[in-house]
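The primary structure of each chain is shown beneath.
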Amino acid sequence: MKGLSQSAHRFTRKLLRDMEFCRDVERRVQAASVLAENLPRTAPDIELLLTRTPHRLSPEVQYTVLHMLDSLPISHTQVRRLLPTVLHLLANVNSRTARLWMKIGCLLGDGFLKYADASARERILAELVNAVRTANSVHARKGALHGIEHALNHASLGEGKRLLDVLRERALEDSTLSFRRSAFALLRDGWWWGDSGLPKLHAYARKLGATLQYPD
């Protein structure tokens, strides 16, 4: 691949250039794990992998990198470093391939949110709200919705109510019926991915859901 620095990690070069290597799930996971474990030195490598898609297995590579970032402890400094890249990926995801939209939401609403400092936490929540409202791609909006589901497991009462209010808005106003139904179901049932978080937030979700009709 032209333009790839020789200073890039050998696993980065493999993941960008070698489709046979990427097709082997075990080797792909091992490579992504090594890169995640060696932060901050490998931050440029991770940014490269999350912004370049040189072959048809690139979404699977990106999913695997995001999964490893979500699975390992990460410093708040590295959350701040990598956050713009992950947000850019969310804004541009536009297909169901490799369920990449879901894994972006997992990382933003769970791994990154847990380890973020106060300002990065505020930004993550604000960016999830902005994406769920305004992203052009329904896959990006669904990724943001999934991120909000995870965030509700860690949210304060005030944060959680603001997120749930936004989901009520989207259950009424989103342009995609399947998305409106997903937001409605979350509020109606008072259940979200992980089913954790404050009991008052679950009760508040059901209260909001009681004011809605099934979208059709």
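See above for the structure.
Residues numbered from 1 in each chain as written. Predicted model: local features only at pLDDT ≥ 70, side-chain atom pairs only at ≥ 80, totals over all residues. Heavy atoms only, no water.

Trainee: So what's going on with the overall build of the protein? Residues and values would help.
Mentor: Looking only at helices and strands, the protein features 12 helices and 0 strands. When the elements of the protein are put in sequence order from the N terminus, they spell out α-α-α-α-α-α-α-α-α-α-α-α. The principal-axis extent of the C-alpha atoms belonging to the protein is close to 60 × 35 × 25 Å. Here the protein holds 216 residues, and the buried ones make up 52% of them. Intrachain contacts of the protein at a sequence separation of at least 6 include 66% that bridge at least 24 residues. Element-wise, carbon and sulfur atoms account for 49% of the exposed surface of the protein, whose accessible area totals about 10400 Å². (Helix = DSSP H or I, 4+ residues; strand = E, 2+ residues; numbered from the N terminus. Buried < 20%, exposed > 50% of the residue type's maximum accessible area, 1.4 Å probe, protein only. Contact = heavy atoms within 4.5 Å. Areas by Shrake-Rupley, 256 points an atom, 1.4 Å probe, with all protein chains shown as cover.)

Trainee: Go over the nonpolar core, please, and point to the residues and values.
Mentor: Generally speaking, a soluble globular protein has its nonpolar side chains buried in company with each other. Core analysis: the largest hydrophobic core is formed by 71 residues, its most contacted members being Leu69, Ile104, Leu108, Phe112, Ile124 and Leu164. No other element matches the 9 residues that helix H7 (residues 100-115) contributes to this core. Setting aside chain neighbours within four positions, we find Leu108 in contact with Leu83, Val86, Leu87, Leu90, Leu113, Ile124 and Leu128. (Core = buried A, V, L, I, M, F, W, Y, C linked by side-chain atoms within 4.5 Å.)

Trainee: Explain the pattern of salt bridges residue by residue, including any values.
Mentor: Applying the stated rule across the entire model yields 14 salt bridges. One salt bridge in this structure joins Asp18 and Lys14, with 3.3 Å as the shortest N-O distance. For Asp18, a relative accessible area of 25% corresponds to the partly exposed category. The salt bridge involving Arg23 is made with Glu20; its shortest N-O contact spans 2.4 Å. (Salt bridge = Lys/Arg side-chain N within 4 Å of Asp/Glu carboxyl O.)

Trainee: Can you tell me about the environment of Tyr214, naming the residues and giving the values?
Mentor: Relative to the assigned elements, Tyr214 resides in the segment after helix H12 (199-209). Put simply, Tyr214 and Leu172 are 42 residues apart on the chain and 9.7 Å apart in space, counted from C-alpha to C-alpha.

Trainee: Help me get a handle on H12, residues and values and all.
Mentor: Taken together, the buried positions of H12 are Leu201, His202, Tyr204, Ala205, Leu208 and Gly209. Considered in projection along H12, the buried side chains sweep an arc of 160° and stay on one side of the axis. Turned more than 90 degrees from where H12 packs its buried face, Pro199, Lys200 and Lys207 sit exposed. Each element contacted by the buried residues of H12 is listed here: helix H9 (138-152), helix H10 (157-173) and helix H11 (177-189). (Arc of directions from axis to C-beta.)

Trainee: Can you tell me about H11, naming the residues and giving the values?
Mentor: Relative to the 18 Å expected for 13 residues at 1.5 Å per residue, H11 spans 18 Å between its end C-alpha atoms, a close match to the ideal helical length. All buried positions along H11 are accounted for by Phe179, Arg180, Ala183, Phe184, Leu186 and Leu187. For H11, the arc enclosing every buried residue in end-on projection is 160°, short of the 170-degree limit, so these residues lie on one face. Of the residues flanking the end of H11, it is Gly190, one or two places downstream, whose phi is positive at about 65°. (Expected span 1.5 Å × (residues − 1).)

Trainee: Lay out the packing of helix H3 (residues 25-37) against helix H5 (residues 58-71) with the relevant residues and their values.
Mentor: Running from N to C, H3 and H5 cross one another at 45°; their axes reach a closest spacing of 9 Å. With respect to their mutual orientation, H3 and H5 come out oblique. Note on packing geometry: the crossing formed by H3 with H5 is right-handed. Residues Arg28, Val29, Ala32, Ser33 and Ala36 of H3 pack against Glu60, Val61, Thr64, Val65, Met68 and Leu69 of H5. (Axes fitted to C-alpha atoms, helices over the stretch in contact; angles between N-to-C directions. Parallel < 35°, antiparallel > 145°, perpendicular 65-115°, else oblique. Left-handed = near helix turned anticlockwise from the far one by under 90°.)

Trainee: Tell me about the packing of helix H6 (residues 76-92) against helix H8 (residues 118-134), residues and numbers included.
Mentor: Packing of H6 against H8 brings their axes to within 11 Å, and their N-to-C directions diverge by 5°. Between H6 and H8, the angle is such that the two are roughly parallel. Residues Val79, Arg80, Leu83, Pro84, Leu87 and Leu90 of H6 touch H8, and the partners they reach there are Ser119, Ala120, Arg123, Ile124, Glu127 and Ala131. For the contact of H6 with H8, the per-class residue count stands at 8 nonpolar, 1 polar and 3 charged. (Nonpolar A, V, L, I, M, F, W, Y, C, P; charged D, E, K, R; others polar.)

What is shown is where atoms sit, not what they do.
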